[in-house]
Amino acid sequence: MKEYQTITEISGPLVFVEADEPIGYDEIVEIETGDGTIRRGQVLDTTSDHVAIQVFEGTTGIDRDSSVTFLGETMKMPVTEDLLGRVLDGSGNPIDGGPDIVPDERRDIVGEAINPYSREYPEEFIQTGVSAIDGMNTLVRGQKLPIFSASGLPHNDLALQIARQATVPEEETAGGEASEFAVIFGAMGITAEEANEFMDDFERTGALERSVVFMNLADDPAVERTITPRLALTTAEYLAFEHGYHTLVILTDMTNYCEALREIGAAREEVPGRRGYPGYMYTDLASIYERAGRIKGQEGSITQMPILTMPSEDITHPIPDLTGYITEGQILIDSGLNSQGVVPPVNVSPSLSRLMDDGIGEGLTRGDHGGVSDQLFYAYAEGKDKRDLVNIVGREALSERDNRFLDFADRFEEEFVDQGSNTNRSIEETLSIGWDLLSMLPREELNRVDEEYIDEYYQGEAAEEVAAD
Amino acid sequence: MSQATDTTVREDGVIESVSGPVVQARDLDAKMNDVVYVGEEGLMGEVIEIEGNITTIQVYEETSGVAPGEPVEGTGAPLSVDLGPGMLDSIYDGVQRPLDVLEEKMGSAFLDRGVDAPGIDLERTWEFTPEVGAGDEVGRGDVVGSVPETASIDHKVMVPPGALEEGETAEVVEVESGNFAVDETVAELDNGAEVTMRQEWPVREARPTVDKQTPTEPLTSGQRILDGLFPLAKGGTAAIPGPFGSGKTVTQQSLAKFADADIVVYIGCGERGNEMTEVIDDFPELPDPQTGNPLMDRTCLIANTSNMPVAARESCVYTGITIAEFYRDMGYDVALMADSTSRWAEAMREISSRLEEMPGEEGYPAYLAARLSEFYERAGYFENVNGSEGSISVIGAVSPPGGDFSEPVTQNTLRIVKTFWALDSDLADRRHFPAINWNDSYSLYRDQLDPWFTDNVADDWTDQRQWAIDTLDEDDELQEIVQLVGKDSLPEDQQLTLEVARYIKEAWLQQNALHEVDRYCPPEKTYRILGAIKTFDDEASDALDAGVPVDEITDIEALPRLNRIGTTPDDEADEFVDELEEDITEQLRTLY
């Protein structure tokens, strides 16, 4: 390891150094400033005579005379089962005042891609206890399902509710004991207040002892945010595939992560893609999101729930857009529902779980689940369509069918979606509320549910009552 | 990938710089597009630029830790694939390394670096049956025999294009039946050429053909909206653009499962790992609707998921189409699905920006349009060099950012392809699948395929389709009015049109890809369902003329059964429709 005092240029988060030995791409660097503090960075570009370094902790205080040491290895995360219950900063150093971490292993934070041939297809239903998710956009173990939200919306409450309530009911009945998730929480650029909210909840519910928390707060260096999710996922991979934990990785807020990427891209004078974000952002995000899943013959799993705030609720903004193309669906938080007081304000129509179809049905949830959710989706969409109309012509001008669907949409939001953040509903409860609502509609409207289930669950009288009103 | 056996190692170069997947080497003696091995670990790469004594290489593997000063070794050969029996029922990465072999070699579920594997098993022997005898004259591409590759497909062993000049023939000196490995000689020609099962071919070069013909036969897909309204020809090209969540992948997979092609090459280009796993899990279980054998017997999968190296994503579409061309040469109809071509274009953009090339629109390289058209032009209905006819149909998914079809990849694709299946997020939101928008989509093959449908399905196929299109168009106009004044203020005949259009949309256009019957709808059934709705329309119009109120017409008991035809098993469907049509007619006629 050689020390250099050959910094030629400092620009934003980047430092350029002349070096006379070969430096590996992605290698870790330590920079010691005049006052003795050490900053860490990573090699972004390497040629035979000079190297570009991205500094995680900010370049403030670095000058031409600062000494640069190349560590000759790529970024590693020390991992051990004892990390459970610990709180670390965005670079992986303990900040909870606990003992030093004695690593079992040091793992490269740029995880290798899982061989698609070795993956196990995720199909174990996770009961989150939230009807809008379980009933309509079911989460399964090993899925990556982001929450698309916007500033000022209670996405954190939903994430916490899921972290608290998520179980796999199938195992509950088989093994007698519900398997709880180990929660890996990666915070990027969230405010100290938000961080407190999460920590308080973790401590209050005792979830902390099965959690590993990585905290990069809003006033921590922005560039550090590019490594925080990778540290979290490296830890999750270790726990899942070495120790058989089922892990739930919550990453918040991916928007801040992408801002950090853009900052680095701009400092490197790269050709920008859409809205100034780097052209490789899809690939970069994929290297995070694709680290979810199951592996054949392995006990554990990684389920990912990244949270992102859409700038001005624009789903076509590059961050939600690229995310949606990689993840297996999305849960949308809606400001309209939020102002109506619906908790959680999940807008089920544009939400989606791509792995739902394989995780539900006979033997997994219940045979009628698929049909019920399709029918609810259809009826809700139909009812929402009528809302525009009713504003123009008034209720009286609508046909009886239209009025039924209007009522349906209202009750769907009030009874199915709005359950409060402390209610934990089983899948049976969710489906039976679904049938209650569907029973408002005439039987012949239910063309997406198999006849046998209509016979079993449909309560025709309810439909008559509404008609009589 | 192909492991060239006869290439000589050229002079070595030295790494000058590393930036992500782009590596520059000094003093490397290599040609454009040559394969090189980079660094101590021997990571595979391809030469993409030569300037002075600096050679720029795109590396197909992760480059963390690679440092200047490490060696670069040339192979003198361009990126090639191994062609031969064993490609079906396989799953490859973007440079044709079999993923199952990689798992075994790496001993891990994670993809390590610097491990290589041949594209086809060199050890395995195949039972070869000659189709020519000693003394027969053969030209290039001619079939000398075949091996049973899978239960569905006979793999033809052909004289490689390089063994003879165009138009030249040679006499077969010796040909033997028996079990051979892919590199063993199965036939010898009098010019000294030896024919083996394995051929190598550079991926960026199209295999030779004689002539491209106008396609006249449909690639039936079992999807009502496609066969019925926007058919694709065997040898045609199609694009499926759509925002995320609109069902691109489900549509692509349905096509891979049910299209009546002989061979399916499915390329997962920069998409999700779990999606490929789903295909790997499902295809061996599902029967091919044509042969009844497992679907995997006719399928070759190429998986380069979004987190696998970006340069290999750039090459995977070429690897796929070269494999498709090889089967076309045997006289098969091949369907190639590329999901998604946008990821391929983005890989080009990423490499291009690392090369600091002058960007074109939205940062994509200026040669984007050229690359796309070059690729789609490799599709077609061909007369092969050996006189047989084969086709390659290419179906490319496009993932436009924000669902905006005006972006460069969609626009450049639409300039080339003749079928456009536009996915619509509004339809997807109300779970109307396949979410293909019937107003925006088109197929330019419709006219040239009509004779086939009239001959093979029904005489009035085109009339009935036109009726459906007209009804949907009218419905579209009426919906705008309904949005303003409500349905009840329309005249009765227009209310009826709305109701008929609703059945066309719900009972005909909509199809459940997950229902074991409905997921595949033969063209005959597609015709019958629409016929039943038309019967209702005709009879209802008569009833309306006779003064029956529209509410009574649409309230008849038989009507909701229209929605159940799709899920009725194919062999009972005819009877079901006959009965339904009778009931509709009868119930309507009793009203007046």
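Computed from a prediction, not measured in an experiment: that's the story for all the values here.

Turning our attention to the overall build of chain B. The helix and strand inventory of chain B stands at 15 helices and 26 strands. A compact globule built from 592 residues would reach a C-alpha radius of gyration of about 25 Å, and chain B, at 27 Å, matches this within 12%. With the C-alpha coordinates of chain B rotated into their principal frame, the extents come out at 90 × 60 × 45 Å. By the burial criterion, 62% of the 592 residues in chain B qualify as buried.

The next subject is helix H4 (residues 273–282) of chain B. An α-helical turn contains 3.6 residues, so any two residues separated by three or four positions project in the same direction. Burial runs high along H4(B): eight of the 10 residues are buried. Of the residues making up H4(B), those classed as buried are Gly273(B), Asn274(B), Glu275(B), Met276(B), Thr277(B), Glu278(B), Val279(B) and Ile280(B).

Below, the discussion takes up the sheet that holds strand E16 (residues 194–196) of chain B. All names here are of chain B. Spatially, four strands are ordered E10-E13-E15-E16 in an open sheet, and the strand pairing comes out antiparallel. Looking at which strands have only one partner, the edges of the open sheet turn out to be strand E10 (137–139) and E16. Strand-to-strand twist across the sheet, computed as the mean angle between neighbouring axes with direction ignored, equals 45 degrees. In the sheet, strand E13 (residues 169–175) pairs with strand E15 (residues 185–189) via three bridges, with the strands oriented antiparallel. Within E15, the position partnered with Val172 by the bridge is Leu189.

Okay, empty space enclosed by the protein next. In this structure the tally under the stated criterion is five cavities of 30 Å³ or more. Taken together, 14 residues form the lining of the largest cavity, with Arg274(A), Pro278(A), Pro318(A), Leu322(A) and Arg349(B) sitting closest to its centre. Broken down by class, the residue content of the lining of the largest cavity amounts to eight nonpolar, two polar and four charged.

Okay, the side chain of Asn274(B) next. Residue position: Asn274(B) is located in helix H4. Given a relative accessible area of 1%, Asn274(B) falls into the buried group. Every residue in contact with Asn274(B), bar those within four places of it in the chain, is listed here: Arg119(A), Glu120(A), Tyr121(A), Pro122(A), Gly142(A), Lys144(A), Glu328(A) and Leu355(A).

What follows concerns the domain arrangement of chain A. Residues and elements named next belong to chain A. Here chain A is described as being made up of domain 1 (2–73), domain 2 (77–359) and domain 3 (372–468). The centre of domain 2, based on its C-alpha atoms, is set 33 Å off from the matching centre of domain 3. The interface is formed by 25 residues belonging to domain 2 together with 20 residues belonging to domain 3. Buried area between domain 2 and domain 3, both sides added, is near 1,800 Å², and the carbon and sulfur share of it is 56%.

Here we come to the interface of chain A and chain B. With 78 residues of chain A at the contact, the number on the chain B side is 71 residues. Summed over both partners, the interface of chain A with chain B comes to about 6,300 Å²; 52% of that surface belongs to carbon and sulfur atoms. Broken down residue by residue, the surface that chain A buries against chain B is led by Tyr25(A), Tyr117(A) and Tyr325(A), which jointly contribute 12%. Its salt-bridge partner being Arg564(B), residue Glu451(A) comes within 3.4 Å of it at the nearest N-O pair. The interface formed by chain A and chain B contains 33 residue pairs in polar contact (both at pLDDT 80 or more). Sorting elements by how many residues they give to the side of chain A that touches chain B places helix H11 (residues 369–393) of chain A first, with eight residues. For the side of chain A that touches chain B, the residue count by class is 36 nonpolar, 20 polar and 22 charged. For strand E5 (residues 38–47) of chain A and strand E1 (residues 13–19) of chain B, the ladder comprises two bridges, and the chain directions are antiparallel. Within E1(B), the position partnered with Thr46(A) by the bridge is Val18(B).

Right, let's get into unusual backbone geometry. Geometrically, the link from Val343(A) to Pro344(A) is a cis peptide bond, its omega value of -10 degrees lying close to zero. Here Pro344(A) lies in the loop between helix H9 (335–339) and strand E21 (346–353). In this chain, Asp339(B) is followed by Ser340(B) through a cis amide linkage whose omega measures 10 degrees. Within the fold, Ser340(B) resides in the loop between strand E22 (333–339) and helix H6 (341–354). If you check the backbone angles, Ser312(A) has positive phi at about 40 degrees while not being a glycine. Following the sequence through the fold, Ser312(A) ends up in the loop between strand E19 (301–309) and helix H8 (318–326). We note that Gln96(B) has phi near 60 degrees; this positive angle belongs to a residue other than glycine. When its relative accessible area of 0% is taken as the criterion, Gln96(B) is described as buried.

Procedures and definitions
- Residues numbered from 1 in each chain as written.
- Chains lettered and ligands numbered in written order.
- Predicted model: local features only at pLDDT ≥ 70, side-chain atom pairs only at ≥ 80, totals over all residues.
- Heavy atoms only, no water.
- Helix = DSSP H or I, 4+ residues; strand = E, 2+ residues; numbered from the N terminus.
- Rg over C-alpha atoms; globule rule 2.2 N^0.38 Å.
- Buried < 20%, exposed > 50% of the residue type's maximum accessible area, 1.4 Å probe, protein only.
- Pairing = 2+ DSSP bridges.
- Axes fitted to C-alpha atoms, helices over the stretch in contact; angles between N-to-C directions.
- 1 Å grid on protein atoms, 1.4 Å probe; cavity = no way out; pocket = protein on both sides within 12 Å on 5 of 7 lines; lining within 4 Å.
- Points joined across faces, edges and corners; volume = space filled by probe spheres on them.
- Nonpolar A, V, L, I, M, F, W, Y, C, P; charged D, E, K, R; others polar.
- Contact = heavy atoms within 4.5 Å.
- Domains from an automatic or database assignment.
- Buried area = accessible area lost by both parts, 1.4 Å probe.
- Salt bridge = Lys/Arg side-chain N within 4 Å of Asp/Glu carboxyl O.
- Polar contact = N/O pair within 3.5 Å; in protein donor to acceptor, adjacent residues only side chain to side chain.

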